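Below, each chain spelled out in residue letters.
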Amino acid sequence: LAAAKTAAYVGGGDLTTLTQLGEAYAQRNQTEEALNCFRQALDLAEEENPTDAMGVSRIHGLRMTMDELLRRLGRPRERATLWQRAAARAAGEALDGRTSLMLAAALSDVGEPEAALAALRRAKEPHQDSRAGILFATLGDVPAAVDTLARARWIEPGRTVTYDRE
């Protein structure tokens, strides 16, 4: 932690240093400090507005880390705000599947089922993640749940399976 703090002080808070400092705080269960570092790192990463896979992946990784920390702290409204910010960056376009799913889950957790369904439906491609299928079902869209779970190969329409037997 001391080395990361020194690097942040000397480096003036660059993206890599802030991320490393956030990770050091998170490992020591200093969650608020970690979140602060990750927020600053996310701001810097988004300012760069990367279009390459590595830059986009870095931004997504920061969001996922922040989501997990906020989930542990029991702060669903902040999780929803985090993913709404990600969706706003898409400027009305379709969302990637992961952002769509994370936004929907956060909105569902704050009691906004209609907004959660809209977020799931805003994905560029049909979801193939079983978590999206379960969320569709939880939110009451059974046809979308069945389609998604079939794409995720969780179910095979027309077959009935009970435990390990057909």
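The following refers to the structure shown. (Residues numbered from 1 in each chain as written. Predicted model: local features only at pLDDT ≥ 70, side-chain atom pairs only at ≥ 80, totals over all residues. Heavy atoms only, no water.)

### Structural notes on the side chain of S100
Right, on to step 1. Mapped onto the elements of the fold, S100 is located in helix α6 (residues 97-109).
Right, on to step 2. Judged by relative accessible area, S100 falls into the buried class, the value being 0%.
Right, on to step 3. Polar side-chain contacts of S100 include one of 3.3 Å to the backbone oxygen of L120. (Helix = DSSP H or I, 4+ residues; strand = E, 2+ residues; numbered from the N terminus. Buried < 20%, exposed > 50% of the residue type's maximum accessible area, 1.4 Å probe, protein only. Polar contact = N/O pair within 3.5 Å; in protein donor to acceptor, adjacent residues only side chain to side chain.)

### A short note on the layout of surface pockets
Right, on to step 1. Counted as a void, the largest pocket has a volume near 450 Å³.
Right, on to step 2. Mapped by element, the contributors of at least two residues to the lining of the largest pocket are α4 (53-73) and α5 (76-89).
Right, on to step 3. Class assignment of the residues belonging to the lining of the largest pocket gives a composition of 7 nonpolar, 3 polar and 5 charged. (1 Å grid on protein atoms, 1.4 Å probe; cavity = no way out; pocket = protein on both sides within 12 Å on 5 of 7 lines; lining within 4 Å. Points joined across faces, edges and corners; volume = space filled by probe spheres on them. Nonpolar A, V, L, I, M, F, W, Y, C, P; charged D, E, K, R; others polar.)

### Thoughts on helix α3 (residues 31-48)
Right, on to step 1. Given a rise of 1.5 Å per residue, 18 residues ought to cover 26 Å, and the 26 Å separating the end C-alpha atoms of α3 matches this to within 8%.
Right, on to step 2. Against α2 (15-27), α4 and α5 lie the buried residues of α3.
Right, on to step 3. Looking one or two places after α3, you find N49, whose phi comes out positive at around 50 degrees. (Expected span 1.5 Å × (residues − 1). Contact = heavy atoms within 4.5 Å.)

### Brief notes about the packing of helix α7 (residues 113-121) against helix α8 (residues 130-138)
Right, on to step 1. Orientation of α7 relative to α8, taken along the N-to-C sense of each, is 145 degrees, at an axis distance of 10 Å. Crossing hand, α7 versus α8: left-handed. Listed contacts from α8 to L117, L120 and R121 of α7 are A132, L135 and F136. (Axes fitted to C-alpha atoms, helices over the stretch in contact; angles between N-to-C directions. Left-handed = near helix turned anticlockwise from the far one by under 90°.)

### With respect to the pattern of salt bridges
Right, on to step 1. Under the defined criterion, the tally for this structure stands at 16 salt bridges.
Right, on to step 2. Of the charged contacts in the structure, one is a salt bridge between R75 and E78, with a shortest N-O distance of 2.6 Å.
Right, on to step 3. Residue classification places E78 among the partly exposed residues on the basis of a relative accessible area of 31%.
Right, on to step 4. The salt bridge involving R77 is made with E112; its shortest N-O contact spans 2.7 Å. Here the residue R77 occupies a position in helix α5, and E112 occupies one in the loop between α6 and α7, the gap between them amounting to 35 residues.
Right, on to step 5. Judged by its relative accessible area of 41%, R77 is partly exposed. (Salt bridge = Lys/Arg side-chain N within 4 Å of Asp/Glu carboxyl O.)

### Details of α4
Right, on to step 1. Between its first and last C-alpha, α4 extends 30 Å over 21 residues, near the 30 Å set by a 1.5 Å rise per residue.
Right, on to step 2. Among the residues of α4, those classed as buried are G55, I59, L62, R63, M66, D67, L69 and L70.
Right, on to step 3. Downstream of α4 by a residue or two, G74 has a phi angle that is positive, lying close to 70 degrees.

### Some details on the packing of α4 against α5
Right, on to step 1. Where α4 meets α5, the closest approach of the two axes is 9 Å, and the angle between their N-to-C directions is 160 degrees. In terms of orientation, α4 and α5 fall into the roughly antiparallel class. For α4 against α5, the interelement crossing comes out left-handed. Together, H60, R63, M64, M66, D67, L70 and R71 of α4 and E78, R79, L82, W83, A86 and R89 of α5 make up the contact between the two elements.
Right, on to step 2. Among the residues forming the contact of α4 with α5, the class breakdown is 6 nonpolar, 1 polar and 6 charged. (Parallel < 35°, antiparallel > 145°, perpendicular 65-115°, else oblique.)

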